[in-house]
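Commentary on secondary and tertiary structure
Each chain is listed here by its residues.
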Amino acid sequence: MSKHTNFRRHKMAGHDAEGLKNFWENVIQEQTKQREDEESRLSKSALNKLRHEWTLRLEGRARQVQAHTKTQKEQMTLLSIEALPSPDKTVA
């Protein structure tokens, strides 16, 4: 290679560095805009609202089932106590 070619590459490298910098700045700007647009779209979406509503419904249903189970256990306990013979009914 001649000195002229090396000199030329050196000049191109400086020019290329600026071009690369501009390229990556543009890529970053585009990705930032896409991310912001996606965040905006998601914030406007009804999906989060629906998830929240279903979570509340499921929590309410779980509390309802727990309350029903607790009531059944209490009733079973009362029935088992009532099934025991009372001391004054026993024959002496």
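Below or above, wherever it landed, is the structure these notes cover. (Residues numbered from 1 in each chain as written. Predicted model: local features only at pLDDT ≥ 70, side-chain atom pairs only at ≥ 80, totals over all residues. Heavy atoms only, no water.)

Moving on to a nonpolar patch on the surface. Taken together, the side chains of Leu20, Phe23, Trp24 and Ile28 define a hydrophobic patch exposed on the protein surface, amounting to about 450 Å² of accessible area. As for its position among the elements, Ile28 is in helix 1 (residues 3-44). (Patch = residues over 30% accessible without salt bridge, like charges linked within 9 Å, V, L, I, M, F, W, Y side chains within 5 Å. Areas by Shrake-Rupley, 256 points an atom, 1.4 Å probe, with all protein chains shown as cover. Salt bridge = Lys/Arg side-chain N within 4 Å of Asp/Glu carboxyl O. Helix = DSSP H or I, 4+ residues; strand = E, 2+ residues; numbered from the N terminus.)

Now for the pattern of salt bridges. Using the criterion set out here, one finds three salt bridges in the structure. For Arg35, the salt bridge identified is with Glu39, shortest N-O distance 3.7 Å. On the criterion of helical spacing, the pair formed by Arg35 and Glu39 is a turn pair, its members being four residues apart in helix 1. With a relative accessible area of 45%, Glu39 lands in the partly exposed category. Measuring nitrogen to oxygen at the nearest pair gives 2.6 Å for the salt bridge that ties Glu38 to Arg41. Of this pair, Glu38 and Arg41 both sit in helix 1, three residues apart, which is roughly one turn of that helix. On the basis of relative accessible area, Arg41 is assigned to the partly exposed category, the value being 48%. (Buried < 20%, exposed > 50% of the residue type's maximum accessible area, 1.4 Å probe, protein only.)

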